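Residues per chain are reported as follows:
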Amino acid sequence: MERDEAREAKAHAAQVARTLTERVVRASSADAPTVAPLAVGLAPRDDGGYAVALRYRLGLPQVRSLARKVAAEVGEVGTTVDVRRTGRIRPLARGPVPGPRPPVITAQAAGETGRVRPLRPGVSIAHVDVTAGTLGAFVLVGGVVHALSNYHVLAGSPAARPGDLVLQPGPADGGRAPADRVGTLAAVVPLAAGTTATVDAAVALLDDPDVDATYPVGAVTATARALGGETVGKIGRTTAVTGGRVTAIELDDVVVGYGEELGDLRFDDQIEVEGTGRSPFSRGGDSGSLVYREDGVALGLLFAGSETGGENGRGLTYVNPIDAVLGALDATLLA
């Protein structure tokens, strides 16, 4: 299908999922889902067209059967419908509330978990009360240099306030205040229980604007919207430089578990990436990594993932569109 046709089919799939879910709720017990437990988007095909992407997680009542019924209503699996099972999707760092996946312990991380000056992308960073995530990129806000990462890395909870300390490395990697202070929390895109979000993002005002923005692929100054099928890379605190492929775009109703304080949050218009080869594209602690094409153009900000799913079974990664991130923070990539 062409993209516009696929978008129409996606809208139909979402409506079918909602209708079927309402029937399940009326006919079964209170443990049935009250909203469709399916993410619906577009999956790129080798011929340049698109299929409808359906993503479901086992462990929810009747969800596998629901996915099959929606697929049957929309088209043919493998041709016009791409159905995949995911594991539980969680943010890839841990804050002061239980739930998000903790970072891989320092000794087992392949990325940079130590103290790095000048700052560069891919290093461990976090709010003083968060374990560890990744410094994704440097941006200008009001003409001043800031570090870009996720809300759950640089803030961690609704209790965080502008001016809170940000450490490099993050506390899980030995960062301590005030010796490892590199800046302060400047702005966040709020996340709230019961709402649908588009981005998990925040920026920190840096104490020292002298940074290395060229690591590891040169200066990333341009952005683009993911079209699907792109070969991408990222550098993260845990898995360092990894390669992947965009396997779905415009995914709506991606459910991410943020723990007791925020609960399960739904995200719309997300990008899905799977690792190439035998390795995962990301693991716990890679939250905040900038995801870029082979030509160094930024596509998104990595924020969540599952431990299972994908062609190699090593999990799927979820990414906020970079233009949505920058727009929400009134920021531009550092040139």
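First, a word on scope: everything that follows refers to the structure included in this document. (Residues numbered from 1 in each chain as written. Predicted model: local features only at pLDDT ≥ 70, side-chain atom pairs only at ≥ 80, totals over all residues. Heavy atoms only, no water.)

Quick look at the overall build of the protein chain
Here's step 1: Within the protein chain, the regular secondary structure consists of 4 helices and 21 strands.
Here's step 2: Taken against the 2.2 N^0.38 rule, which gives 20 Å for 335 residues, the C-alpha radius of gyration of the protein chain at 19 Å falls within 12% of a compact globule.
Here's step 3: Overall, the C-alpha framework of the protein chain stretches about 60 × 45 × 35 Å when taken along its three principal axes.
Here's step 4: Among the 335 residues that make up the protein chain, the fraction classed as buried is 55%. (Helix = DSSP H or I, 4+ residues; strand = E, 2+ residues; numbered from the N terminus. Rg over C-alpha atoms; globule rule 2.2 N^0.38 Å. Buried < 20%, exposed > 50% of the residue type's maximum accessible area, 1.4 Å probe, protein only.)

Quick notes on the packing of aromatic side chains
Here's step 1: Applying the stated criterion to the full structure yields 2 aromatic pairs.
Here's step 2: Pairing tyrosine 258 with phenylalanine 267 gives two aromatic rings, centres 6.2 Å apart and planes at 25°, and the pair type is stacked. Side by side, tyrosine 258 and phenylalanine 267 carry an identical accessibility label, which is buried.
Here's step 3: Ring plane angle 45° and centroid distance 4.7 Å describe the contact between phenylalanine 267 and phenylalanine 303, whose orientation is recorded as tilted. With a gap of 36 residues between them, phenylalanine 267 in strand β16 (residues 264-267) and phenylalanine 303 in strand β19 (residues 298-305) connect regions that are remote in the sequence. Here the two residues phenylalanine 267 and phenylalanine 303 agree in accessibility, since each one is buried.
Here's step 4: By the ring-pair criterion, three or more aromatic residues cluster together here, those being Tyr258, Phe267 and Phe303. (Phe/Tyr/Trp six-rings, centres within 6.5 Å; stacked < 30°, edge-to-face > 60°.)

Overview of the layout of surface pockets
Here's step 1: Counted as a void, the second largest pocket has a volume near 200 Å³.
Here's step 2: Elements with a minimum of two residues in the lining of the second largest pocket: β1 (38-44), β3 (81-86) and β14 (240-252).
Here's step 3: Per-element accounting of the lining of the second largest pocket gives the leading share, 3 residues, to β3.
Here's step 4: For the lining of the second largest pocket, the class distribution of residues is 4 nonpolar, 3 polar and 5 charged. (1 Å grid on protein atoms, 1.4 Å probe; cavity = no way out; pocket = protein on both sides within 12 Å on 5 of 7 lines; lining within 4 Å. Points joined across faces, edges and corners; volume = space filled by probe spheres on them. Nonpolar A, V, L, I, M, F, W, Y, C, P; charged D, E, K, R; others polar.)

Details of the pattern of salt bridges
Here's step 1: For the structure shown, the criterion picks out 16 salt bridges.
Here's step 2: A salt bridge links glutamate 250 to arginine 7; the shortest N-O distance between them is 2.7 Å. You can see glutamate 250 sitting in strand β14 and its partner arginine 7 sitting in helix α1 (residues 3-27), a full 243 residues away along the chain.
Here's step 3: Overlapping salt bridges bring together Arg55, Asp82, Arg84, Glu272 and Glu274 as one network. (Salt bridge = Lys/Arg side-chain N within 4 Å of Asp/Glu carboxyl O.)

Looking at the pairing of strand β10 (residues 181-188)
Here's step 1: Taken together, the 3 bridges between strand β9 (residues 165-167) and β10 define a ladder with antiparallel strand orientation. Bridge pairing links leucine 165 to threonine 184 in β10.
Here's step 2: Alignment of β10 against strand β12 (residues 202-206), held across 5 bridges, turns out to be antiparallel. In the sheet register, leucine 185 faces β12, and the bridge partner there is alanine 204. (Pairing = 2+ DSSP bridges.)

Things to note about empty space enclosed by the protein
Here's step 1: By the definition in use, this model includes 3 cavities of 30 Å³ or more.
Here's step 2: When its volume is computed, the largest cavity comes out at roughly 160 Å³.
Here's step 3: Among the secondary structure elements, those contributing two or more residues to the lining of the largest cavity are β7 (137-141) and β18 (290-293).
Here's step 4: Residues belonging to the lining of the largest cavity are distributed by class as follows: 15 nonpolar, 3 polar and no charged.

Quick word on the pairing of β12
Here's step 1: For β12, a buried count of 4 out of 5 residues is recorded, marking the element as mostly surrounded by other parts of the structure.
Here's step 2: Here strand β8 (residues 144-149) pairs with β12 via 4 bridges, running antiparallel. Its bridge partner being in β12, alanine 147 is matched across the sheet by alanine 204.

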